[in-house]
Amino acid sequence: MLIAAGIVLVLALLLASPVTVKVLYEDEWAVTVRYLFLRFRVFPPKEQSSEKKKKPRKEKKKDAEKESEKDEKKQGIREILKGKDPGTVLNLLVEASKLAVSVLKRFCSHVTIREFDLLLVIASEDAAETAVQYANACAVGYPAAGILMQACRCRRFGISIVPEFQESKPRACLRFRAGIPLFFLIQETVSAAIRAAKLWQRFQAANKTKQAETTPSGAKS
């Protein structure tokens, strides 16, 4: 009994532990994902310059394989949509957009932003252009930050947009760290996959019904 209780407690602790994403930007991006003592660097990828020098042909082969995979995916999408009723395809796109928004809202409700510090320095060679860019940046940046604060739980949040008339190049600095418990990450991922599968089934069924209602000549039977 104690062993079972211990296993349940360990599983509960593992599921309650957050998966943390850390993003840094200052001249270049750095993205890392961390869970407990495990840490993965997503971007930039690890340096493989020595391997590239030793195996240039293999690298070229990998690039060619990636390009062929992209072409196959594009061809697969064309084959899926080929011959489908335009109205059914449009309905699929609308429903998919609604699903994406719903999934994003549910996902963000479980996310805790532990740190968000954004500094945007607006600058250009012309002072008038700097003023226009600054106004545009404020019109987009602050409302977007407000939406993010409403969608997620925030512990530390700050955004600053400043004009700089003495410089000619804009600058940006970002520090972002957010986490979501593993349980909710798995739950929302599985839920999104199930809802997407159901949407695809409805799309397939609707298209078959549309084809059954229409004769090959286009006249309704």
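Residues numbered from 1 in each chain as written. Predicted model: local features only at pLDDT ≥ 70, side-chain atom pairs only at ≥ 80, totals over all residues. Heavy atoms only, no water.

As named in an unreviewed UniProt entry, the protein chain is DUF2953 domain-containing protein, taken from Candidatus Caccousia avicola.

Considering the overall build of the protein chain
Our working definition: Only DSSP runs of H or I reaching four residues or more are called helices, and only runs of E reaching two or more are called strands; each is numbered from the N terminus. Residue burial is assigned from relative accessible area. The probe radius is 1.4 Å, only protein chains are included, and a residue is buried under 20% of its type maximum, exposed over 50%, and partly exposed in between. For this analysis, residues touch if any pair of their heavy atoms sits within 4.5 Å. We get accessible surface area from the Shrake-Rupley algorithm with a probe of 1.4 Å; when it comes to residues, only the shown protein chains can shield them.
Secondary structure summary: the protein chain contains six helices and seven strands in total. Each helix and strand of the protein chain, placed in order from N terminus to C terminus, yields the pattern α-β-β-β-α-α-α-β-α-β-β-β-α. Counting every position in the protein chain, which comprises 221 residues, the buried fraction comes to 19%. Partitioning the contacts of the protein chain with sequence separation of at least 6, the portion at a separation of at least 24 is 71%. As displayed, the protein chain offers around 16,600 Å² of accessible surface, 61% of which is attributable to carbon and sulfur atoms.

Overview of the pairing of strand β7 (residues 171–181)
Condition: At least two bridges found by DSSP between two strands is the condition for calling them paired.
Note that strand β1 (residues 18–25) and β7 share eight bridges and pair antiparallel. When the sheet's bridge partners are listed, P18 is paired in β7 with P181.

Notes on a nonpolar patch on the surface
As a reminder of what qualifies: Like-charged residues within 9 Å of one another, or nonpolar side chains (Val, Leu, Ile, Met, Phe, Trp, Tyr) within 5 Å, are grouped into patches, provided each residue has over 30% relative accessible area and no salt bridge. For this analysis, a salt bridge means a side-chain nitrogen from Lys or Arg found within 4 Å of a carboxyl oxygen belonging to Asp or Glu.
On the surface, a cluster of nonpolar side chains totalling about 910 Å² of accessible area is made up of I3, I7, V10, L11, L14, L36, F37, L38 and F40. Elements with a contribution of two residues or more to the nonpolar patch: α1 (2–16) and β3 (38–43). Broken down by element, the residue count for the nonpolar patch peaks at five residues, all from α1. For L14, the location among the structural elements is in helix α1.

Considering the side chain of S17
The criterion, for reference: Polar contact criterion, stated in full: a pair of N or O atoms within 3.5 Å, where within protein one must be able to donate a hydrogen and the other to accept it, and residues adjacent in sequence count only if both atoms are side-chain atoms.
With respect to the helices, strands and loops of the structure, S17 is situated in the loop between α1 and β1. Here L13 takes part through its backbone oxygen, which lies 2.7 Å from a polar atom of the side chain of S17. If sequence neighbours within four positions are ignored, S17 has contacts with Y35, L36, I180, P181 and L182.

Considering the state of the cysteines
Short version of the rule: A pair of cysteine sulfur atoms is labelled a disulfide when the two atoms are within 2.5 Å.
Evaluation of the coordinates by the stated rule reveals zero disulfides. As a non-bridged cysteine, C108 has C152 as the owner of its nearest cysteine sulfur, 4.1 Å distant.

Notes on the packing of aromatic side chains
Cut-off, in case you're wondering: Classification of ring pairs rests on two measures: the distance between centres of Phe, Tyr or Trp rings, Trp counted by its six-membered ring, which must be within 6.5 Å, and the angle between planes, read as stacked under 30 degrees, edge-to-face over 60 and tilted in between.
What the rule picks out here adds up to four aromatic pairs. An angle of 10 degrees between the planes, with centres 4.5 Å apart, marks the rings of F116 and F157 as stacked. With F116 in strand β4 (residues 112–122) and F157 in strand β6 (residues 157–163), this pair connects stretches of sequence that are 41 residues apart. A relative accessible area of 21% places F157 in the partly exposed class. Where F183 meets F184, the ring centres are 5.3 Å apart and the plane angle is 70 degrees; that geometry is what we call edge-to-face. Put simply, the rings of F116, F157 and F176 touch in pairs and so form one group of aromatic residues.

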